[in-house]
Amino acid sequence: MSTTPAPVVLAVANQKGGVAKTTSVASVGAALAELGRSVLLVDLDPQACLTFSLGIDPEDLELSVHHVLTKGLDPAEVIIETDDGVDLLPATIELARAEADLLTRTGREHVLKGALDDVATEGRRYDWILLDCPPSLGVMTVAALTAAQAVLIPLQCETLSHRGVGQLLDTVHDVRRYTNRDLEVWGVLPTLYDGRTQHARTVLETISETYDLEVVGPPIPKTIKFAEAPAAGRSILATSRSSKGARAYREVAENLLRRSTVPR
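Because the structure is predicted, anything quoted here is derived from the model rather than measured.

Asks: Just to check I follow, could you spell out the overall build of the chain for this structure?
Replies: If you tally the helices and strands in the chain, you get 11 helices and seven strands. The buried share of the chain, reckoned over its 264 residues, is 52%. Pairs at least 24 apart in sequence give 79% of the contacts found in the chain among residues at least 6 apart. Surface exposure of the chain reaches about 12000 Å², of which carbon and sulfur atoms provide 50%.

In structure tokens:
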């Protein structure tokens, strides 16, 4: 009997805010959908920026990922289809309570993995699941890293914003040791990149050397088009299809597809 291949579960994490993490999740997800993949995005940030950027007002939602993680609600009751061709497990501000609710729960690191396993057993077939982590190294990020096959680290090239990367890699090391020994670091995704400045180019060159990490390219250019997309409730692939940013994310998605086929 043939078994359905498990989805690629990719956590997109950086505890520093303002690195285009949510933009990257929405855009890579839309690009993978364009390439014919079935995609689920999971918003794990109480600010619910991913949910909002895909055209859904969190304040209109009665059910969210909070209920899945803390109340054991069936994820199928919460998942929403979006106009970008991807499905979404949305967040609301209630998720801020989930960290406190889960702190005293045994096995809290595995609660998201259990929920994603439930999605698979219900016959919903996803090729890729992208996890938009909150800008912290708390319970929710650890749960995402525990559920993931790999982690991608968006990194702003504009300033020396690397200092948090070492802390994130320490957390990855702990997760490998205690809850997910097979977690892979696929590398850093350079964002907000202005190739005209020597500083941005220098930052890009030193990233891989400093942390011994691969750079997943191409660098995502800094462009106003990204700011316009969430207001329209769509990703940049829909609002500005031929822009440099959209083209870059399509290329990143193709590179991630190739990376996912490398034997673990």
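Asks: Is there a simple way to explain the nonpolar core in this structure?
Replies: Among soluble globular proteins, nonpolar side chains are generally buried collectively. Within the largest apolar cluster, 53 residues are counted, with the highest numbers of intra-cluster contacts made by Val 42, Leu 44, Leu 112, Leu 131 and Ile 153. The dominant element in this core, judged by the number of residues it contributes, is helix α6 (residues 139–147), at seven residues. Leaving out residues up to four positions away in the same chain, Val 42 has contacts with Leu 50, Val 65, Leu 89, Leu 116, Ile 129, Leu 130, Leu 131 and Asp 132. Grouped together as the second largest cluster of nonpolar side chains are 30 residues, Val 12, Ala 33, Leu 88 and Leu 189 included.

Asks: Is there a simple way to think about the environment of Leu 63 in this case?
Replies: Note on placement: Leu 63 falls in the loop between α2 (49–53) and α3 (65–71). With relative accessibility at 35%, the residue Leu 63 sits in the partly exposed group. In the structure, Leu 63 is positioned 10 residues away from Leu 73 in sequence and 9.0 Å away in space, judged by C-alpha atoms. In this structure Leu 63 touches Leu 73, Glu 77, Val 78 and Pro 90, once residues within four positions along its chain are discounted.

Asks: Would you take a moment to explain the pattern of salt bridges for this structure?
Replies: Side chains that differ in charge, positive against negative, can pair when their charged atoms come close. Enumeration over the complete set of coordinates arrives at five salt bridges. Between Glu 94 and Arg 97 there is a salt bridge, and its shortest N-O distance comes to 3.8 Å. For Arg 97, a relative accessible area of 46% puts it in the partly exposed group. Among the ionic pairs, Asp 117 bridges to Lys 113, the shortest N-O distance being 3.3 Å. Taken as a pair, Asp 117 and Lys 113 lie in helix α5 (residues 111–121) at a separation of four residues, close to a single helical turn. With a relative accessible area of 33%, Lys 113 lands in the partly exposed category.

Quick notes on the rules
Residues numbered from 1 in each chain as written. Predicted model: local features only at pLDDT ≥ 70, side-chain atom pairs only at ≥ 80, totals over all residues. Heavy atoms only, no water. Helix = DSSP H or I, 4+ residues; strand = E, 2+ residues; numbered from the N terminus. Buried < 20%, exposed > 50% of the residue type's maximum accessible area, 1.4 Å probe, protein only. Contact = heavy atoms within 4.5 Å. Areas by Shrake-Rupley, 256 points an atom, 1.4 Å probe, with all protein chains shown as cover. Core = buried A, V, L, I, M, F, W, Y, C linked by side-chain atoms within 4.5 Å. Salt bridge = Lys/Arg side-chain N within 4 Å of Asp/Glu carboxyl O.

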